[in-house]
Structures are given as C-alpha cells and as structure tokens.
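Residue-level listing of the chains:
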Amino acid sequence: MLQNLFKYTVRSFKRQRTYVIINILGLSIGIACSLLIALFVINESGYDNYNVKKDRIFRVILNGKIGGQEVTTTSSPAIMGPTLLKEFPEIEDYTRMSGRGPTVIEYNNQTFTEEHMIEVDSSFFNIFSIPVLKGDIQNLLNAPRKAVLSESTARKIFGEENPVDKTIKIGTDSIRYTVSGVMGDIPANTHFEANILTSFMTNPRSASPVWMNNSFSTYFLLKPNTTYKTVDEKFPDLLIKYVGPELQQYMGISMEDLIKQGNKYRFYLQSLTDIHLDPTIQQEFKTSSDPKFLVIFGSIAVLIVLIAAINFMNLSTAQASKRAKEVGIKKIGGSTQGMLITQFLTEACLLSFVSLILAIIFIKASLPFFSNLLGINLELNLFGSMFTIPALILFSIFVGFIAGSYPAFYLSSFSPYEVLKGDVKNNMKNGMLRKVLVVFQFSVSILLIIGTMIMYRQIHYMLNKDLGFSKEQLLVINRAGALGQKMKTFKTAVKEIPGVINITSSTAIPGRTNNTNGYRIEGRKDEPVIMSTAWVDYNYLDTYGMSLVSGRFFDESYTSDQQACLVNEAAIKNFGITDVQGTRFFQPDDSGKMEYLPILGVVKNFNFESLRNPIEPYILKFQNDGMLWGYVTVKISALNYTNTISQIEKVWKEFMSNDPLQYYFLEEDFEQMYSQEKQNAQMAVIFSILAMFIAGLGLFGLTSFTVEQRTKEIGVRKAMGSSVAGIYYEISKEIIVLVSVSALISWPIIYYIAGTWLENFYYRISLGAFSFIAGLAIALTIALLTISYRVLQAARVNPAQSLKYE
C-alpha cells in the first residue's frame, strides 16, 4: 500500500512540477527562518544553564530610590557576603566579583592586553561549574595576588609552558601575581566574561566594613531545599541592623524616616538563570537581552511558516479543478475519502520533509553570517542530542499537516457527479478563501516592512541626535591611571602635537558613568539627593564642546574652585534650586569630615547615558592629584588624523615603555550602546525580505493559475480591442485591492506594537504617516512586479491562440 501511495505521489508531483518547486522553495525558506530564530531564542534563553548548581545560585540586587531617582543595580557591599554566611543558616557559600576592565599583563618582557579580568573569592569554583585543569582547587585564590588563567589565555601568554607557579605583572601593581591554576574557557553563554580571575582579597576595599559602600557583585549558593524567598524576608531586618546606623551617621536620617518619605533601600535575590533576560537591572558585566525581542522574533518565525503554509494551501486549492477528475475517477474506482486524505497529506508531508533538508543546508551555509551579525555563536548540531533529528522530522510533519490539511479535506470531498457536471471548475473561479489567505500573507509582510522601517528610523535618530556635547574626533585613552603622577606632563606633551585640538582627563566620560553618590543640600532638612559624579580637569568643558547655562567653569586662577562643583540643568530642576550661587552641596569625605561644594555654574543638559533614559542630575567635581584614574580624552583634527594618532602613541611609549596604548573613539563607543537594536533591525530586514519573497512566490503561482483560467477571456478582450495595459489593469486590480486591504489590517496592529517598543526610549521618534504609506507602497510595488511577467506574457498572446485554449 505504501509503495502505491509513493507512486501516486511521485506521479502527482510530475504533473504539477512548477507548483511543487514553488511550494518546496517557500516551505524551505519558511522552515529555515523558523529554525534560525529557534536557535537564537534557545541560545539567549539558555544562559548559565550549564551550571550544575544553577537552581541554588542567586545574585544580590540593590533597589534604591532617593530624591525621586530610582536605581536597580547589581552593586552590594563587600561585607555582605561574610555577614550573611555567618548570620543566615540558608546560605551555604558566597563569592564576590568585581570587574577590572582592560588590563595589561606582562611576562618575560612581553605585554598582553586583557579585556576581561575579574576579582573573585576563592569559593568561585565551588559555586560556578568552571572546570579547573591545573592547580589545587582548594588553594587557587586563597591569598592576595593569585591568578587563575583560562586555557586559551594561558596558551597565549605561556605557549606550551606550564604556567602554574609562574609570576606575571598585572596592570601597574609593583608586586607580581602568582599563577595558581588554569581553568577551562568560560562558556560564551555565561552572563560574565573572564579570561583571568584574581583573588578578591587583593582589592584594598575587599575588607571594607561600610555597608553603604555598594561596589561589588555578590553571589550566594543556597543550601538544598532552601527557597530564596526565605532570605529575601530577612533583608529588611538586616538593613535596619547594619545600614540604619550608617544612614544616620552619613546622611542624618534614619532608615524609618527615609522609607516614610517615599524612598527605597532594599536588597533582594535574583536567580542565576534570570540574569541574562532582565534588562531592568544595571549590569556590571554583559548587557542583558530584552525578552521582548525573543517574543517578537518567535512570533515572526510562526508567521513566516504560516505564510509558507498558506502558499501550499492556495496553490493546492487553486489547482482543484485540475485534480477533480483524478479524485472522481479514484472514487468511482473504490477509493474512500479517508484514502484520498491520506494521499494528499502524504504529498504535503513529503514536500515538507524535502523542504526541511533544503532548510538545513541553507542554515549550515548561513550560520557563520548570522553568528557574526548577532555577535553570538549559533550552532546546529544535528547529532548533539538523540532528540534533535526526531524533533526536526516531527516539525516537518507538523508543517506538512498545517499546510496540507485543508487542501486534503477539500479535494477529497469532491463527488464524482459534481466533477462530471463541471460544477467544481465553476466553483473554483470564486476563490474567496484564497483571497483571505493572500490578505493574511501581505498583512504580515507589510507589518514586518513597517516595523523594520520604524526600527531604522529610531536608530538613525539616536545616532544623530544632538547630545549636548560633541562626540566627533574624540579619542579616549583607557587606563589613564597607569600614568600616575606623570598625567599632567603627558597631557602637556600631547597638547603640543600638531593635529591635537585639546586634551582633558576625567574619572568618567559620557557613556561610561561609573560613580553615583549621595549628597545633601545645605540648609535643607529633607531627604538626600543622588547624582552621577565625575571628577574633571580644567579643559573638560572645552574638549567635549559642552556649554554653560550660567556661571563659569573651573579656573586655574582661583584655587578655591578645586573645592567647588558644577551641576547640570536636571539637578537644578529636580532639586528645586532657585538660588544657584548661594547653594552648597555637602557629603562626608573618606575621613568622615563634611565636604562642602558651592555651585560655580550650571552645565547645559547632555546625554551621558543611552537615549533610553532621561537626563538625570549630574555633578562635576575638580580632579585633584589624588584622583588620577579614569580616562584621558583627546580632541583631534579630522585632517591627517592617522599621523596624529601615531604621534600620540609615540608620546605614550615615552612615558609608558612597556604598557601599550589602549584607546577608542567616543562616537563608535556610543554606537555600541545601540548594538542590540541595530542587530535586531538587521534581522528584521532579512526576515521581512524573506517573508515578502515567500508571499511573492505564492502570488506568482496564483497569478499563473488565474491567467490560465482566464485565457479565453483575455483572448476575447484582445479581439474586442483591449490594449495590453487594459488587460494588465483588469487582472492586477484585484491584487491592488487585496494588498490595500492587507495594509488597512496591518496598520493598527503595527501602530500598537511599534508604539509599545518605542516606549523603551525616553527620546524617540514620532510614528507619523510616512512609514505606513511607504510600507503599502513597497508591498504594492513588489506584488505588481511579481505578477507582471505572467500577466504581460498572457496579454501579448495572439487572440486566435487564446480562443483555441481548452
């Protein structure tokens, strides 16, 4: 029976060669798109899942709100880990982590730049499932200045030597570090990157007893059968016990009064596997992905498969008149409806299986491109799991059933009597269902086109908006602290280079805010205020092209300026400051003595963070000789900038002979803020094109069928004097109507979706009408171009030949 069924299927395919090719091409593209998106979704949602103890690992989150400003971050005090281990019986272990940023490693007079280095406690390997390849796991990081290298980093620095017990120089530390072990490379689907781990106790702040010094990430391993909610419930009492006295001491307010004023100060635990898909939290390590994009692309995958399946339905039902005689003869010969349904579904599933094979070939060929586009390592390992191949086969059968179910039941329902009378052929000329399905296809395609255009418009807006400072031709030198007391001399030397317009040093720069502090306003008894803080030199304002609203900037002529500050417009507005010159901020310094900061001037608002966020209060303090860390920014001329950079590198080598210069351009760094949006927009473009291509394939097939059905009508019209243009309009007007209806359906849907997406950005475009009209115009153009060949070909045929047709 199966042999006969296969024979019938092959014969059927031969008779419908054109439609079979169109169906296979459409289904293979649809299946390929859905599998690619599935790989992307699986990769993004599978972060940190390799950890054996993942269900018991939690990270501490700080949620604070003071003065109307709310922040949710991974920062916690150094003292929290040891305190909770001692006082909370639910805690089995903890590790603290602190990223060090780009660092220079020296060994055997050779230097290496390491981008990803993290300070961790010795318990790190008890919590995370990272294999230790060399060294004693119990003593890897249990003393200051110990380091563990990843396998690839060890090979890069030491070659084939055994690195254990060798010493290396890290950064500017005069004391060398001992390599105590080698670990396996940390998997790419981990929420942090680290090629070198150093002992946390090396950090001078690791033993800080101050609870309000939230500077590190803390991870807890809970005991088995313990819930994180139990720990969360104990945090309020912990804060009253330890943070309360410090609040009173440093800010003159009790914890109870702080909360009563509508503020927040709380800690809670976040599961390890939730970290990567929670963009609401300010991350210390990798940027989190937005789960909304996974939902969007998952929906796109389903819709593209449906478009391909609709092609099959449309083309199969359109050819019903051709297959009616086959159905009638088989029924007269004794075939039941069930047997015919089985045959038609088999045809659909076989086509779907062939499409799956082509889709896998396409995916294998295109994976490097998509991996590079998304910045992740996508893999389709067919033999990695015993379930992969069966799952793919089941998926192809499922797609085959979706595509073939309606045609199978529809075609098998014909009665021999209707076939012989010709009623089937007459009924097929109406094709209302086909029109509905075509409208669905083009509604999805137009939705994708408009959505993609809106994404690109928003990205273009973010990259070109006036940020309140000039980001062009700004070269930023990392690790300026390596210069130490030579900083001032270095800046003077660089300033003398032809092509250098200006130079400044600062602890923070726009796009890389690294310090947020609490202040109080003199004469007020209300709550403290929070401001992002940067220490800057005299040339900061001019180098960045910022402007003052009032007052003046730091001036070398006035030594008292070094104990003053400038704030932005947001600080003046948010804190209700009316007498700018008479206002002073104050906060305790490291010794506990109050530091008073009169306001010298007000800086015009500038976007120091992503355009997703509003401009918050910002304070500029003077960078004295004790604050020589952060960045050096050089404003260079656009003329002969390559030679200028070479000269800067030469000067750097004169000051730091064994320390390579590390720099980047601020404009490029700002673009990186929106890398996820750019990647998603590029993905949307690709899938929009493929969706339109699949819909176009179906439209081409349907047009071929329509022209075939109306061959005599075309001949009669030509014989009666109709022009080619007239015949083209007569056939294409239905397509114009269907695509227009599709646009009317898609417009309100994409208006809602795009509006919701744009709410993620504080600074955003207005939707306007352009994208919606352009989406309709693009869809109409593609649809008309698709049908033009077949329609014009039929319109040019001699009427005598057309009238002989059938």
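Scroll up a little and you will see the structure.
Residues numbered from 1 in each chain as written. Predicted model: local features only at pLDDT ≥ 70, side-chain atom pairs only at ≥ 80, totals over all residues. Heavy atoms only, no water.

### Observations concerning the overall build of the protein chain
Here is step 1: Regarding its fold elements, the protein chain presents 24 helices and 25 strands.
Here is step 2: Taken across its 806 residues, the protein chain has 52% of its residues classed as buried.
Here is step 3: Accessible surface computed for the protein chain: about 36,500 Å², of which carbon and sulfur atoms make up 56%. (Helix = DSSP H or I, 4+ residues; strand = E, 2+ residues; numbered from the N terminus. Buried < 20%, exposed > 50% of the residue type's maximum accessible area, 1.4 Å probe, protein only. Areas by Shrake-Rupley, 256 points an atom, 1.4 Å probe, with all protein chains shown as cover.)

### Notes on the packing of aromatic side chains
Here is step 1: Within the structure shown, the criterion is met by 35 aromatic pairs.
Here is step 2: Seen from their ring centres, Tyr663 and Phe665 are 6.2 Å apart, and the 90° between their planes marks the pair as edge-to-face.
Here is step 3: The exposure class of Tyr663 is partly exposed, given its relative accessible area of 31%.
Here is step 4: Each member of the aromatic cluster is reached from another via a ring pair, and the members are Phe469, Tyr540, Tyr544, Phe606, Phe608, Tyr618 and Phe670.
Here is step 5: Over the face of the ring belonging to Phe88 we find Lys234, whose NZ or CZ atom lies 5.4 Å from the ring centre.
Here is step 6: We note Arg552 situated over the ring of Tyr558; from NZ or CZ to the ring centre the distance is 4.5 Å. (Phe/Tyr/Trp six-rings, centres within 6.5 Å; stacked < 30°, edge-to-face > 60°. Lys NZ or Arg CZ within 6 Å of the ring centre and 35° of its normal.)

### As for the environment of Val634
Here is step 1: Among the secondary structure elements, Val634 is positioned in strand β24 (residues 631-636).
Here is step 2: Looking at Val634, the relative accessible area reads 0%, which means it is buried.
Here is step 3: C-alpha of Val634 to C-alpha of Val500: the two residues are 134 residues apart in sequence and 7.0 Å apart in space.
Here is step 4: For Val634, the contacting residues outside a window of four places in its chain are Gln473, Leu474, Leu475, Ile477, Val494, Val500, Asn502, Ile503 and Ile648. (Contact = heavy atoms within 4.5 Å.)

### Focus on the pairing of strand β14 (residues 264-271)
Here is step 1: Counting buried positions along β14 gives six out of eight residues, so the element sits mostly inside the fold.
Here is step 2: In the sheet, strand β1 (residues 57-66) pairs with β14 via eight bridges, with the strands oriented antiparallel. Across the sheet, the residue bridging to Ile61 is Tyr268, located in β14. (Pairing = 2+ DSSP bridges.)

### Observations regarding the packing of helix α3 (residues 80-87) against helix α6 (residues 228-251)
Here is step 1: For the pair α3 and α6, the least separation of the axes is 13 Å and the interaxial angle reads 120°. Overall, the two elements α3 and α6 adopt an arrangement that is oblique. Where α3 crosses over α6, the two elements pack in a sense that is right-handed. Here Met80, Thr83, Leu84 and Glu87 of α3 come into contact with α6, specifically with Phe235, Leu238, Lys241 and Tyr242. (Axes fitted to C-alpha atoms, helices over the stretch in contact; angles between N-to-C directions. Parallel < 35°, antiparallel > 145°, perpendicular 65-115°, else oblique. Left-handed = near helix turned anticlockwise from the far one by under 90°.)

### Description of the pairing of strand β20 (residues 565-568)
Here is step 1: Residues Cys565 and Val567 point to one face of β20 and Leu566 and Asn568 to the other, with burial holding for every one of them.
Here is step 2: Sheet topology note: the β20/strand β22 (residues 594-603) ladder contains four bridges and is parallel. Across the sheet, Cys565 pairs through a bridge with Ile599, a residue of β22.
Here is step 3: The pairing of β20 with strand β23 (residues 618-622) spans three bridges and is antiparallel. Across the sheet, Leu566 pairs through a bridge with Leu620, a residue of β23.

### Examining the pattern of salt bridges
Here is step 1: Going through the model one piece at a time under the given rule, you end up with 14 salt bridges.
Here is step 2: Glu90 is the partner of Lys234 in a salt bridge, and the nearest nitrogen-oxygen pair spans 2.9 Å. Of this pair, Lys234 sits in helix α6 while Glu90 sits in the loop between α3 and β4 (91-99), and the two are 144 residues apart along the sequence.
Here is step 3: For Glu90, a relative accessible area of 11% translates into the label buried.
Here is step 4: The closest approach of N and O atoms between Lys166 and Glu161, which form a salt bridge, is 3.8 Å.
Here is step 5: Accessibility expressed as a relative area gives 25% for Lys166, which makes it partly exposed.
Here is step 6: Taking relative accessible area as the criterion, Glu161 reaches 37% and is therefore assigned partly exposed. (Salt bridge = Lys/Arg side-chain N within 4 Å of Asp/Glu carboxyl O.)

### A look at the side chain of Ser206
Here is step 1: For Ser206, the location among the structural elements is in the loop between β12 (196-199) and β13 (214-222).
Here is step 2: The exposure class assigned to Ser206 is buried, which follows from its relative accessible area of 13%.
Here is step 3: Polar contacts involving the side chain of Ser206 include one to the main-chain carbonyl oxygen of Asn203, which spans 2.8 Å.
Here is step 4: For Ser206, the contacting residues outside a window of four places in its chain are Ala78, Arg96, Phe200 and Met201. (Polar contact = N/O pair within 3.5 Å; in protein donor to acceptor, adjacent residues only side chain to side chain.)

### Considerations on the packing of helix α15 (residues 487-495) against helix α18 (residues 641-655)
Here is step 1: Relative orientation of the contacting elements α15 and α18 amounts to 150°, with a least axis distance of 10 Å. Classified by the angle between their axes, α15 and α18 sit roughly antiparallel to one another. Crossing hand, α15 versus α18: right-handed. The residues of α18 that touch α15, namely those facing Thr489, Phe490, Ala493 and Val494, are Ile648, Val651, Trp652 and Phe655.
Here is step 2: Per-class residue counts for the contact of α15 with α18 are seven nonpolar, one polar and no charged. (Nonpolar A, V, L, I, M, F, W, Y, C, P; charged D, E, K, R; others polar.)

### Focus: a nonpolar patch on the surface
Here is step 1: Nonpolar side chains collect at one region of the surface, where Phe353, Val354, Ile357, Leu358, Ile361, Phe383, Ile389, Ile393, Leu394, Ile397 and Phe401 lie side by side and expose about 970 Å² of accessible area between them.
Here is step 2: Put simply, the parts of the chain that give the nonpolar patch at least two residues each are α10 (337-374) and α11 (388-412).
Here is step 3: Within the fold, Phe401 resides in helix α11. (Patch = residues over 30% accessible without salt bridge, like charges linked within 9 Å, V, L, I, M, F, W, Y side chains within 5 Å.)

### What about unusual backbone geometry?
Here is step 1: One non-glycine residue, Asp165, lies in the positive phi region at around 75°.
Here is step 2: Relative to the assigned elements, Asp165 resides in the loop between α5 (151-158) and β10 (167-170).
Here is step 3: We classify Asp165 as exposed; its relative accessible area is 62%.
Here is step 4: The backbone of Gln473 shows a phi angle near 55°, a positive value even though the residue is not glycine.
Here is step 5: Within the fold, Gln473 resides in the loop between α14 (432-464) and β15 (474-477).

### Remarks on α15
Here is step 1: Here α15 has its buried residues at Met487, Phe490, Lys491 and Val494. One face of α15 carries all of its buried residues, which in axial projection span an arc of 100°.
Here is step 2: Along its buried surface, α15 packs onto β15, β16 (500-506), β24 and α18. (Arc of directions from axis to C-beta.)

### Brief notes about the side chain of Ser150
Here is step 1: Here Ser150 shows up in strand β9 (residues 146-150).
Here is step 2: At 2.8 Å, the side chain of Ser150 forms a polar contact with the side chain of Thr153.
Here is step 3: Contacts of Ser150, omitting those with residues within four sequence positions, involve Val182, Met183, Asp185 and Asn195.

By themselves, these observations are geometric and do not establish any function.
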